[in-house]
Amino acid sequence: MPQTPYQLPGKPVSETRVSLSRVMTQLDVNLLGNVHGGVMMKLVDDVAGLVATRHSGGPAVTAFVDEMAFLNPVHVGDLLHTHAQVNWTGNTSMEIGVRVEAERWDEAGAQAAHVASAYLVFVAIDADGKPRPTPPLLLETHEEERRNHEAGIRRTHRLARRAAILASREAP
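Residues numbered from 1 in each chain as written. Predicted model: local features only at pLDDT ≥ 70, side-chain atom pairs only at ≥ 80, totals over all residues. Heavy atoms only, no water.

Draft legend 1. Spatial organisation of the overall build of the chain. Across its full length, the chain carries two helices and seven strands. Reading the secondary structure of the chain in the N-to-C direction produces β-β-α-β-β-β-β-β-α. Projected onto the principal axes, the alpha-carbon positions of the chain cover approximately 55 × 50 × 35 Å. Counting all 172 residues of the chain, 40% fall into the buried class. Considering only contacts in the chain between residues 6 or more positions apart, those separated by 24 or more positions represent 74%. (Helix = DSSP H or I, 4+ residues; strand = E, 2+ residues; numbered from the N terminus. Buried < 20%, exposed > 50% of the residue type's maximum accessible area, 1.4 Å probe, protein only. Contact = heavy atoms within 4.5 Å.)

Given below as structure tokens:
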């Protein structure tokens, strides 16, 4: 009999956090010298995938990019930092929040600029590629509770949007 997520021990958000950094090069930019959004999206998916794998204790796949906001441009030479953590868990899925910051390579100690944010949904999978249970998320701070609550709102909207689209396809 497979375990349900409530039989799995919970994991605190602090154990899910991952940060990755990478210097942006000429290979990452468009003709204006700005880093392509797709380059940042790949880095976001990479760090979110690591978080999902760490939390679920095994493979996890991207199911949905709920939101990706590009706030400021990133340029050649900038050091791009991606910071991610689990915000919410369901039976087999989890929402990962990612914050992207850029720091000039030639200004040591300067504050990094917030350049993008994203929310992705991952599903934990077993060896056959089927969904498997994820551990519940243990919330330890007010900030984690807020993120979890907001993730629940995004999930409700995602499911309602999907239901509305499916209903519109069945309408005469």
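Draft legend 2. Fine view of the environment of A118. Looking at the element boundaries, A118 is found in strand β6 (residues 113-124). Note: C-alpha distance between A118 and V98 (20 residues apart in sequence) is 5.1 Å. Leave out the neighbours within four places in its chain, and A118 touches V44, E67, M68, I96, G97 and V98.

Draft legend 3. Examining the nonpolar core more closely. Membership of the largest hydrophobic core comes to 31 residues, with the highest contact counts inside it found for V74, L80, M94, I96, V98, V100 and F122. Broken down by element, this core gets its largest block of residues, eight residues, from helix α1 (residues 37-56). In this structure V100 touches M40, V44, L80, H81, T82, A113, H114, V115 and A116, once residues within four positions along its chain are discounted. (Core = buried A, V, L, I, M, F, W, Y, C linked by side-chain atoms within 4.5 Å.)

Draft legend 4. Representation of the layout of surface pockets within the structure. Approximately 330 Å³ is the volume attributed to the largest pocket. In this structure, the largest pocket is lined by 15 residues; those nearest its centre are F64, V121, R158, L159 and R162. Listed by contribution, the elements that provide at least two residues to the lining of the largest pocket are β3 (60-70), β6 and α2 (142-170). Here the lining of the largest pocket gets six residues from one element, more than from any other, and that element is α2. Of the residues belonging to the lining of the largest pocket, the class tally is seven nonpolar, four polar and four charged. The volume enclosed by the second largest pocket comes to roughly 270 Å³. (1 Å grid on protein atoms, 1.4 Å probe; cavity = no way out; pocket = protein on both sides within 12 Å on 5 of 7 lines; lining within 4 Å. Points joined across faces, edges and corners; volume = space filled by probe spheres on them. Nonpolar A, V, L, I, M, F, W, Y, C, P; charged D, E, K, R; others polar.)

Draft legend 5. Highlighting the side chain of S56. For S56, the position within the fold is in helix α1. Classification of S56 as buried rests on a relative accessible area of 7%. Residues in contact with S56, not counting those within four places in the same chain, are M94, A124, R132, T134 and P135.

Draft legend 6. Here's a closer look at the pairing of strand β5 (residues 93-103). Counting buried residues along β5, ten of its eleven residues qualify, which places the element largely inside the surrounding structure. Bridge analysis of strand β4 (residues 79-89) against β5 gives ten bridges, and the strand direction is antiparallel. Directly across from A84, in β5, lies its bridge partner V98. Counting the residues in the hairpin turn of β4 and β5 gives three residues. (Pairing = 2+ DSSP bridges.)

It is worth stressing that arrangement in space is one thing and function is another; only the former is reported here.
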